[in-house]
Each structure stands twice: as structure tokens, then as C-alpha cells.
Amino acid sequence: MQQDQKTFLKGLKYLLNYHEAIGVAGYPLNRDIGSFLQFMPCSAKEAAVVPAPEVRHAGPAQKTGHKVATGRPPAVMLAEIGEEVIACRACDLHKQRIYPVVGRGPEKVRLMIVGDWLSAGEEGRLPPGQLFGVEQDRMLARMLAAINLPVEKVFIGNVVKCAVPATVQPQAVHVQNCVSYLRRQIVALAPEAILAMGMVAARVILEKSQPLSRLRGRFHDFEAVPGVHIPVLATYHPTYLLQNPEMKAATWADLQLLARQLGLPPHKGG
Ligand code: SF4
């Protein structure tokens, strides 16, 4: 077991003992706790079970995402991935799929945003064309506008490509089956930066098991393919922010970090 996992589990044990001492007898199985239980034990090696796609490099190892050379146009690669996702039956989640969520955005982007998965929510309503959810997508567009980045200029997708009912909690095996689509999208897009929104997205991309609260607030190095490094910033998912508005301040601080990384002009109001 890695040292950071040991430290994390030790801290968790103290917290649970404290909760027990003050009379907390149980926890609601909401999306966040469910995700934690699913993915917490995942080691870096387990998370990396799906190999990165092979990429042909035109020259020596590159250090910026935009210089990835695959030999194939990104639009073609993205279209192929989209067709595969729509027809995918690689795991049993397809039986409960409301619709596939390939992702949306232009093929030339500076930023890629990755969420966990699209859930119909407790009301069971899921209009077509959603990425993170109705309210969530509106919130995300507002957040991006606040850092002077139009949502139309960003590619947005999820780790798990099947939208599912609220009662369905994707398991680690579903993530492992699906993550190759995301990795291929990252290679095709070769963004300058990735914003991982949510614990599953952050852990899958970074291959780390720490809680999101410890992963956020700084850029991490992600090697998309050997020699090609993309900075990744982890932050909270809009679903979590709708449930925990007090975390918006931390997310705003993360977005400002992102704006600085991309050299975006300050917002008129900011
Ligand atoms: Fe395929 Fe991913 Fe859907 Fe599973 S979750 S059926 S791997 S698209």
C-alpha cells in the first residue's frame, strides 16, 4: 500500500472514531459517499488497467499538449470514438443507459473538462443533450464565463460515457471498461489543460487515491502518452456544488488558477 493511502486511511480511522464518539451512527449513501466506496481502494496500478492508446510521434518527445502528433486528424479520431461509444456494449451499464454521452465541443480546444458521469438525478428527468445535468450545465457555463472562457470553446465530457438513472451507481469495473474512450479523446484533443471535475474524474486521470479536497488547488502533471505532459487541475463537480454551495469559494479559487494557467484576461467584473 502506498504511503499516501496509509496516511489517508489513518486519518479516516480517526474521523470515524470521532464520529462514533459524538453519536454519528451512519451515513446517507449519496452519490459522493457511493463514489468514495467504489473508488477509494483503487491503487494507481488498478486505475491504469486500461493502457493508453498508441500514438505515433512525429519527432522527439513534446512537452505541450498541442504538439501531440498522431498522424490522424483529431476530428476523425473524435468521430470514430463517438461512433464506438454510441454502439458500445462493453459493460453491463449499457442495459440501463438513458443515452450515450460522447462529449461536446470543438476539436481544437485549449481546455478539456472531464466530469464523473451523467445521472438523471432524483427527479428522474433527463432531457436530451445534457453533459453533467440541466442545472449543472448552466452552472458550468456561468463558471466558465466568469473566467472569460465561452463554454462553446471547451470540450466537455465524462469518464463514464453512459448516462444512467439516479438509482444506478457506476462501479469501478464500469470505469475501467470505459476509461479508454476518455484517454483516446484526450490524445485526439491534446488540450493545453484539463479540468477534472469530481472525485472519479480526478482519481482516474491522476491515478491517485487521495480525496478530492487534497488533490484540488494545484496543477498535477499528467502524461497523456510518453513524453507528452498536460497539466491537470482537479476541482468539485457542479452536482456537488449544487448540494454544497459553501464549496463554491474553493472552486472559484481553482478556476482562477486555471485562468492564470491559460493566460485568460481578467473578467470585467473581477
Ligand atoms: Fe460502453 Fe462505457 Fe457505456 Fe460501459 S459505460 S457500455 S464501457 S460506453
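Our subject is the structure listed above.
Residues numbered from 1 in each chain as written. Predicted model: local features only at pLDDT ≥ 70, side-chain atom pairs only at ≥ 80, totals over all residues. Heavy atoms only, no water.

Caption draft 1: Here's a closer look at the overall build of the chain. The secondary structure content of the chain amounts to 10 helices and seven strands. Considering only intrachain contacts with a sequence separation of at least 6, the fraction spanning at least 24 residues in the chain is 75%. Carbon together with sulfur atoms contributes 57% to the accessible area of the chain, which is approximately 13600 Å² in total. (Helix = DSSP H or I, 4+ residues; strand = E, 2+ residues; numbered from the N terminus. Contact = heavy atoms within 4.5 Å. Areas by Shrake-Rupley, 256 points an atom, 1.4 Å probe, with all protein chains shown as cover.)

Caption draft 2: View of the pattern of salt bridges. Counting across every chain of the model gives six salt bridges. Linking Arg183 and Glu207 is a salt bridge whose minimum nitrogen-to-oxygen distance equals 3.3 Å. Taken as a pair, Arg183 in helix α6 (residues 172–189) and Glu207 in the loop between α7 (199–206) and α8 (212–215) lie far apart in primary sequence, 24 residues in all. We classify Arg183 as buried; its relative accessible area is 10%. With a relative accessible area of 29%, Glu207 lands in the partly exposed category. Note that Arg216 and Asp254 form a salt bridge whose closest N and O atoms lie 2.9 Å from each other. (Salt bridge = Lys/Arg side-chain N within 4 Å of Asp/Glu carboxyl O. Buried < 20%, exposed > 50% of the residue type's maximum accessible area, 1.4 Å probe, protein only.)

Caption draft 3: Representation of unusual backbone geometry in the model. With phi around 65 degrees, Asn148 is a residue other than glycine that occupies positive phi space. With respect to the helices and strands, the residue Asn148 is situated in the loop between α5 (134–146) and β3 (155–158). Classification of Asn148 by relative accessible area gives partly exposed; the value is 33%. One non-glycine residue, Glu207, lies in the positive phi region at around 55 degrees.

Caption draft 4: Region of the structure containing the environment of Lys108. When you line up the elements, Lys108 lands in the loop between β1 (99–100) and β2 (111–115). Counting along the chain gives 80 residues from Lys108 to Ala188, while the straight-line C-alpha distance between them is 9.4 Å.

Caption draft 5: Examining the sheet that holds strand β6 (residues 219–225) more closely. The strand order across the open sheet built from five strands is β3-β2-β5-β7-β6, with neighbouring strands paired in mixed fashion. Either end of the sheet is taken by a strand with one partner, and the two such strands are β3 and β6. Going across the sheet, the axis of each strand differs from the next one's by a mean of 30 degrees, ignoring polarity. Note: β2 against β3, four bridges, orientation parallel. For Ile113, the partnering residue across the bridge sits in β3 and is Ile156. Contacts between helix α10 (residues 248–262) and the sheet are confined to β2, β5 (193–197), β6 and β7 (228–235), with β7 contributing the most and set at about 155 degrees to the helix. (Pairing = 2+ DSSP bridges. Axes fitted to C-alpha atoms, helices over the stretch in contact; angles between N-to-C directions.)

Caption draft 6: Helix α4 (residues 74–87), seen in detail. Along its 14 residues, α4 runs 20 Å from first to last C-alpha, staying within 8% of the 20 Å computed at 1.5 Å per residue. Three or more residues of α4 are buried, namely Met77, Leu78, Ile81, Gly82 and Val85. Buried residues of α4, viewed axially, fall in a sector of 135 degrees; they line one side. In α4, the exposed positions angled more than 90 degrees off the buried face are occupied by Glu83, Ile86 and Ala87. Packing partners of the buried residues in α4 comprise β1 and α6. (Expected span 1.5 Å × (residues − 1). Arc of directions from axis to C-beta.)

Any functional reading would require information that these geometric values do not contain.
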